[in-house]
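Read off the chains here:
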Amino acid sequence: MGDWQWRAWVGTPGAGKLGAAFLVTPTRLLTCAHTVTGLDDPRVGFPGLAEDLPARVVASGGWRGPGDVGDVAVLELEEPVPFEPAALADPDDAGGLAAGGREFGVYGFPARKDDNERHATVTTGPHLLTRNEWWEIRTVHGVPLEKGYSGSAVYDIATGEVIGMVTDAELRGGRAGIGWMLPLSRLRAHWEPLDDLLPLRWLTGTARSDLRALLKDVPFTEALTADLERAVGRRPRERFGSAWASVRYVAEGFPEQRLAGYLGALGGRLPEPHRRRFAAWARWHLPGVEPAREAPAPASVIVRLEHATFPKEYDLTVHTWFNDADQTAQATVRVPESEVRGAVQDAVALASRALVGGRWMIEFAVPEGWLGKPFERWYIDVEDRTPMRRYPLVVRDVKRLRPGSIRRDQAHQRWRVLKERGRTDPRVIGCDDHRGAAAFQDWLEANPDHCALVYTTSPSKARLAAALGNGVPVMLWTRTTCSGPAHDDCQGHRLGEALAAAVRDARPEELPHIALDLRRKALGAPKDAPHCGRDLTLLWDDPSRLPADPRLAMEE
């Protein structure tokens, strides 16, 4: 409990006291955002100990106005103070502490001639929850709340343990018998570094602090939602602000082995160098937990189609790829354009025999003009009319397969960025985007981190060539023409946004299976209803999947 020196006021220079605050580290205090909003030069004072100390707002909970959630602000002093910070309760214990009508202390700095602090006593508890954000507080012993109590810690009178912070009161005639507080469970949600100061019972303080520092800026994605559901057996009802918040949810609500399972899955989704840092953290703090290993690269039937020297003819080579290597290649055959489909169907059916029962996909490495062909409708078994869409199917730029190709080098560079980022994060190219070919080319060249594009309508030849030449390794579009005016509510925009949302948080290696799933969902949708999986093209060009060159050199 110390000697209560952690209780403070916050206001303006010259002791213009506006509200309360409480010390949580030698340099930082918590208060309400509404108390300090608009203050150019906030000041802090510890009554009878240190007055009018300069401070600055270094974090807030996102509060914007009356009734808004996140009414939290963090103040930082220019110099540390020699006072003991407040003792914070374990959020899991706060509800128990408040049970049975237990009384808690609060303090404030209402306008008085003596300019001194005032004290009140309140009761509260999680049963008085309001909007899943506040606990209602009720005054006892006839001492009301007043303006100037905002930011006060709500503390156990016997032990000094803080369970929350006063934010509002129902003032009538300047006084109130009812107010509201943010419990620690919500304070920590609005300012996650508070977790480093709480007496939690899972892991050690150092382990938690190091893990939070690693995960604090990692977004909680749909992919992590699925991982969490698999780890704990149910889908969370809340949306977490970060991956760290989801870890906290598992750690404090489920057995320890569930946390280990979830951390392993989460670590596997981290981009580099986060993944290496997580592996080092796990080896030190949680032995036995390692980032989930990436699934082995899928096997493939790779169809390579090149223009022959004679117009309207193509050289076709079909490879069987597994164990990250080109295992077999059928002899290259030259076929007229009109016979390409039949020749491909026969060759793919033959090559797939070596992969039956395994995990495999189909890759079409073709010239630019063929990238939008409906290959998923071609047959892998002509007799049974079995379409290729039953397997993950992607298209690739055949020029990138050629030795010494600059396109291949460009693709390597952007693929590396994509893998290190760990998520697709596509850029949507709208049907109302009227940039010319040169401007589009310059935009791509100026942004080497743009590694995935989603088109809301089939891309033009010029834009496709620009993207391929700049090494963009992932592109998606539906082979439809956007009907109607080009605006945010047109069909193309809606399909493009749905397509971008489906792949935004996915790792690049997951995209072929996501496209497979979208195509399946489109088959189950009403035929007259647009769907982003219908007539879907996925260009997915992993430059490490490089089949051997055909025995004969080919020229376009």
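Note that the structure is a prediction, hence the values are computed from the model and not measured.

**Digging into the sheet that holds strand β3 (residues 28-31)**
Working definition: the strands of a sheet are paired by backbone hydrogen bonds and lie parallel or antiparallel to each other. The antiparallel closed barrel is built from 6 strands, whose spatial order is β1-β2-β3-β6-β5-β4. Neighbour-to-neighbour, the strand axes of the sheet open up by a mean angle of 45°, direction not taken into account. Where strand β5 (residues 50-60) meets strand β6 (residues 73-77), 5 bridges bridge the pair, whose relative direction is antiparallel. When the sheet's bridge partners are listed, V57 is paired in β6 with L75.

**Structural notes on the layout of surface pockets**
Sizing a probe to match a water molecule and rolling it over the atoms shows the empty space that remains. By volume, the largest pocket is sized at about 990 Å³. Residue lining of the largest pocket: 30 residues in total, with N132, S185, R186, E238 and Y249 positioned closest to the centre. For the lining of the largest pocket, the secondary structure elements donating two or more residues are α2 (91-97), α3 (184-190) and α6 (243-253). Considered class by class, the residues forming the lining of the largest pocket number 13 nonpolar, 5 polar and 12 charged.

**Some thoughts on the nonpolar core**
Counting residues in hydrophobic clusters, the biggest one holds 88 residues, and the most contacted among them are F22, F46, L215 and V247. Per-element tally for this core: the top contributor is α6, with 6 residues. V301, V335, A467 and V472 belong to the second-largest nonpolar core, a separate cluster that totals 41 residues.

**Digging into the pattern of salt bridges**
Going through the model one piece at a time under the given rule, you end up with 42 salt bridges. With its nearest N and O atoms 2.8 Å apart, the salt bridge here joins R334 to D315. Of the two residues, R334 sits in strand β19 (residues 333-336) while D315 sits in strand β17 (residues 313-322), which places them 19 residues apart along the sequence. For the salt bridge of R423 with D505, the shortest nitrogen-to-oxygen distance reads 2.5 Å. Pair noted here: R423 is in the loop between α10 (406-421) and β24 (427-429) and D505 is in the loop between α13 (491-503) and α14 (511-524), with a separation of 82 residues, a long-range link. Residue classification places R423 among the partly exposed positions, given a relative accessible area of 21%. Each of E363, E368, R396, D397, R400, R407, D541 and R545 takes part in salt bridges that share partners, so that together they form one network.

**Observations concerning the packing of aromatic side chains**
Evaluated as defined, the whole model comprises 20 aromatic pairs. For the pair W6 and Y155, a centre-to-centre distance of 5.5 Å together with 85° between the ring planes defines the contact as edge-to-face. One end of the pair, W6, is in the segment before β1 (7-12); the other, Y155, is in strand β12 (residues 153-156), and 149 residues separate them in sequence. Of the residues examined, Y155 reaches a relative accessible area of 6% and is grouped as buried. Relative to W540, the ring of W415 lies with its centre 5.7 Å away and its plane at 85°, an arrangement referred to as edge-to-face. One end of the pair, W415, is in helix α10; the other, W540, is in strand β27 (residues 536-540), with 125 residues separating them in the sequence. The exposure class assigned to W415 is buried, which follows from its relative accessible area of 9%. By relative accessible area, which is 3% here, W540 ends up buried. Grouping aromatic residues by their ring pairs yields a cluster made of W4, W6, Y107, F109 and Y155.

**Some words on the side chain of D542**
Positionally, D542 belongs in the segment after β27. Within the buried core, D542 has no salt-bridge partner, and the shortest N-O distance to an opposite charge, that of R545, equals 4.9 Å. The residues contacting D542, other than those within four sequence positions of it, are R396 and W415.

**Structural notes on the packing of α13 against α14**
It is at 10 Å that the axes of α13 and α14 come closest, and there the two elements cross at 135°. Classed by the angle they form, the pair α13 and α14 counts as oblique. Of the two elements, α13 crosses α14, and the hand of that crossing is right-handed. Taking contact as the criterion, the partners of L499, A502 and V503 in α13 are, on α14, L511, I514 and L518. Class assignment of the residues belonging to the contact of α13 with α14 gives a composition of 6 nonpolar, no polar and no charged.

Thresholds applied
- Residues numbered from 1 in each chain as written.
- Predicted model: local features only at pLDDT ≥ 70, side-chain atom pairs only at ≥ 80, totals over all residues.
- Heavy atoms only, no water.
- Pairing = 2+ DSSP bridges.
- Helix = DSSP H or I, 4+ residues; strand = E, 2+ residues; numbered from the N terminus.
- Axes fitted to C-alpha atoms, helices over the stretch in contact; angles between N-to-C directions.
- 1 Å grid on protein atoms, 1.4 Å probe; cavity = no way out; pocket = protein on both sides within 12 Å on 5 of 7 lines; lining within 4 Å.
- Points joined across faces, edges and corners; volume = space filled by probe spheres on them.
- Nonpolar A, V, L, I, M, F, W, Y, C, P; charged D, E, K, R; others polar.
- Core = buried A, V, L, I, M, F, W, Y, C linked by side-chain atoms within 4.5 Å.
- Buried < 20%, exposed > 50% of the residue type's maximum accessible area, 1.4 Å probe, protein only.
- Salt bridge = Lys/Arg side-chain N within 4 Å of Asp/Glu carboxyl O.
- Phe/Tyr/Trp six-rings, centres within 6.5 Å; stacked < 30°, edge-to-face > 60°.
- Lys, Arg positive; Asp, Glu negative; His and termini not counted.
- Contact = heavy atoms within 4.5 Å.
- Parallel < 35°, antiparallel > 145°, perpendicular 65-115°, else oblique.
- Left-handed = near helix turned anticlockwise from the far one by under 90°.

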